[in-house]
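Survey of secondary and tertiary structure
Here are the chains, one letter per residue:
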Amino acid sequence: MAEFDPEEFFVADRLEKLRTLRERGVDPYPAAFSPTVSVGEYLERYRDVEETADGTSYRLAGRIHRINDLGAIAFVEISDESGSVQLILDEDTDGYELLDQLDYIDIIGATGTPGRSNTGELSLVAESVSVLSKALAHHHPPSKDDVGDPYVDRAVKFWWDEVRDPIQTRFE
């Protein structure tokens, strides 16, 4: 029986990040994390509420879909099966130093309070962030052949709308 070599199967940079997490004393696969609500429930509670500073603390978990690290502040978009939400992290957030070791499709948990970004987007202002599962392989989205090309579909629709009714389409 052949010996399993993780270096051949997993992506090298992700294995290095896993080693770094373990060297820092972080368990990249903790036994438990209990979210208080799903992302969808969180969004539903605060979707139409302008003032979100009610002091309620939430624990959310999800897969990373975007990381925008601006230095002193970072925005991380996570999603679960019910929706996606933006996390706002700053240098005072516990776990902020782990941001360099996180990648797209890793699963993280965050504890924080509801808030809105400067653009008005509903977010969770994170007090702490923890790694729940470090992904070791790159995510391979479906090919263009499987889902079609949304740009071509949109261009055809735009062209068809212009041909069908050029005046009304331009002034809607």
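Quick notes on the rules
- Residues numbered from 1 in each chain as written.
- Predicted model: local features only at pLDDT ≥ 70, side-chain atom pairs only at ≥ 80, totals over all residues.
- Heavy atoms only, no water.
- Phe/Tyr/Trp six-rings, centres within 6.5 Å; stacked < 30°, edge-to-face > 60°.
- Helix = DSSP H or I, 4+ residues; strand = E, 2+ residues; numbered from the N terminus.
- Lys NZ or Arg CZ within 6 Å of the ring centre and 35° of its normal.
- Core = buried A, V, L, I, M, F, W, Y, C linked by side-chain atoms within 4.5 Å.
- Buried < 20%, exposed > 50% of the residue type's maximum accessible area, 1.4 Å probe, protein only.
- Contact = heavy atoms within 4.5 Å.
- Patch = residues over 30% accessible without salt bridge, like charges linked within 9 Å, V, L, I, M, F, W, Y side chains within 5 Å.
- Areas by Shrake-Rupley, 256 points an atom, 1.4 Å probe, with all protein chains shown as cover.
- Salt bridge = Lys/Arg side-chain N within 4 Å of Asp/Glu carboxyl O.
- Lys, Arg positive; Asp, Glu negative; His and termini not counted.
- Charge placed at Lys NZ, Arg CZ, Asp CG, Glu CD.

A closer look at the packing of aromatic side chains
Under the definition given, this model contains three aromatic pairs. For the ring pair Tyr42 and Tyr46, a centre distance of 5.5 Å and an interplane angle of 50 degrees mean the geometry is tilted. Taken together, the residues Tyr42 and Tyr46, both in helix α3 (residues 39–46) and four residues apart, mark about one turn of the helix. Ring pairs connect the aromatic residues Tyr42, Tyr46 and Tyr58, which therefore count as one cluster. The ring of Phe33 has Arg59 lying over it, and the distance from NZ or CZ to the ring centre is 4.1 Å.

Describing the nonpolar core
Counting residues in hydrophobic clusters, the biggest one holds 27 residues, and the most contacted among them are Tyr42, Val76, Ile78, Leu87, Leu89 and Ile108. Of all the secondary structure elements, the ones that give two or more residues to this core are α3, β1 (58–69), β2 (73–80), β3 (83–90), β4 (107–116) and β5 (122–133). Ranked by residues supplied to this core, first place goes to β5 with five residues. Contact partners of Leu87, with chain neighbours within four places excluded, come to Ala74, Phe75, Val76, Ile78, Ile108, Ala110 and Leu124.

A few points about unusual backbone geometry
Of note, Ile105 is a non-glycine position whose phi angle comes to about 75 degrees, a positive value. For Ile105, the location among the structural elements is in the loop between β3 and β4.

Things to note about a negative patch on the surface
A cluster of like negative charges, contributed by Asp48, Glu50, Glu51 and Asp54, occupies part of the molecular surface. Locating Glu51 in the fold gives a position in the loop between α3 and β1.

Observations concerning the side chain of Thr111
Within the secondary structure, Thr111 is located in strand β4. Once residues within four sequence positions are removed from consideration, Thr111 is found in contact with Ser57, Tyr58, Arg59, Leu124, Val125, Ala126, Glu127 and Ser128.

Digging into the pattern of salt bridges
Evaluated as defined, the whole model comprises seven salt bridges. Across the salt bridge formed by Arg14 and Asp106, the nearest N and O atoms sit 3.7 Å from each other. One end of the pair, Arg14, is in helix α2 (residues 12–23); the other, Asp106, is in the loop between β3 and β4, and 92 residues separate them in sequence. Each member of the pair, Arg14 as well as Asp106, is classed as buried.

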